[in-house]
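Summary of the model geometry
What follows is the residue order along each chain.
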Amino acid sequence: MSSLIEKSGIMTEYKDLVEKRRIMIEAETWGEEIESHDYQKDKGYFINYNNGKVVKVVNNNKTIVQMPCSVEELIYNYERSKV
């Protein structure tokens, strides 16, 4: 039965889906890591994440000043970071 499923292409299809999901999870995890941070006088502290999100911190208040990039762009950037 197993060889019948593999020959029909069903296993390959599932392997492809599992691999795409694995990459997506890795990219999302990588995207939440801090890429850099800096302090700008009179503006506050900025945290830049790998997913493109930028958070401004002033007096313990956090404000998202740039939203994360799309999933497609995140995966592209993640794969480029591994090269």
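Let me begin by describing the structure that accompanies this report. (Residues numbered from 1 in each chain as written. Predicted model: local features only at pLDDT ≥ 70, side-chain atom pairs only at ≥ 80, totals over all residues. Heavy atoms only, no water.)

**Things to note about the pattern of salt bridges**
Two side chains carrying opposite charge are able to pair once their charged atoms lie near each other. Taken as a whole and judged by the stated rule, the model has three salt bridges. The residue Arg-22 makes a salt bridge to Glu-19 at a minimum N-O spacing of 2.5 Å. With Arg-22 and Glu-19 both in helix H2 (residues 10-31), this residue pair falls three residues apart, about one helical turn. Through salt bridges with shared partners, a single ionic network connects Glu-19, Arg-22 and Glu-26. (Salt bridge = Lys/Arg side-chain N within 4 Å of Asp/Glu carboxyl O. Helix = DSSP H or I, 4+ residues; strand = E, 2+ residues; numbered from the N terminus.)

**Points about the sheet that holds strand S1 (residues 34-40)**
Judged by pairing direction, the sheet is antiparallel, and its four strands sit side by side in the order S1-S2-S3-S4 without closing on themselves. In this open sheet, the two edge strands, each paired with only one partner strand, are S1 and strand S4 (61-66). Here the strands of the sheet are splayed against their neighbours by 25° on average, with no regard to which way each runs. Bridge analysis of S1 against strand S2 (residues 44-49) gives six bridges, and the strand direction is antiparallel. Its bridge partner lying in S2, Gln-40 is registered against Gly-44. (Pairing = 2+ DSSP bridges. Axes fitted to C-alpha atoms, helices over the stretch in contact; angles between N-to-C directions.)

**Here's the deal with the packing of aromatic side chains**
Summed over the entire model, instances satisfying the criterion amount to one aromatic pair. The ring of Tyr-49 has Lys-53 lying over it, and the distance from NZ or CZ to the ring centre is 4.8 Å. (Phe/Tyr/Trp six-rings, centres within 6.5 Å; stacked < 30°, edge-to-face > 60°. Lys NZ or Arg CZ within 6 Å of the ring centre and 35° of its normal.)

**A closer look at the environment of Trp-30**
Looking at the secondary structure, you find Trp-30 in helix H2. On the basis of relative accessible area, Trp-30 is assigned to the buried category, the value being 16%. Put simply, Trp-30 and Asn-77 are 47 residues apart on the chain and 9.9 Å apart in space, counted from C-alpha to C-alpha. When neighbours within four sequence positions are excluded, Trp-30 is seen to be in contact with Asn-50, Leu-74, Asn-77, Tyr-78 and Ser-81. (Buried < 20%, exposed > 50% of the residue type's maximum accessible area, 1.4 Å probe, protein only. Contact = heavy atoms within 4.5 Å.)

**Focus: the pairing of strand S3 (residues 54-58)**
A regular strand places its side chains on the two faces of the sheet in alternate fashion. When S2 meets S3, the two strands line up antiparallel, connected through four bridges. Across the sheet, residue Ile-47 finds its bridge partner in S3, namely Val-55. Taking the residues between adjacent antiparallel strands as the criterion, S2 and S3 are bridged by four residues, where Gly-52 takes a positive phi near 95°. Here S3 runs beside S4; their pairing, made up of five bridges, is antiparallel. By the bridge assignment for S4, Val-54 is matched with Gln-66. Between S3 and S4, which pair antiparallel one after the other, the connecting turn spans two residues, and Asn-59 there sits at a positive phi close to 50°.

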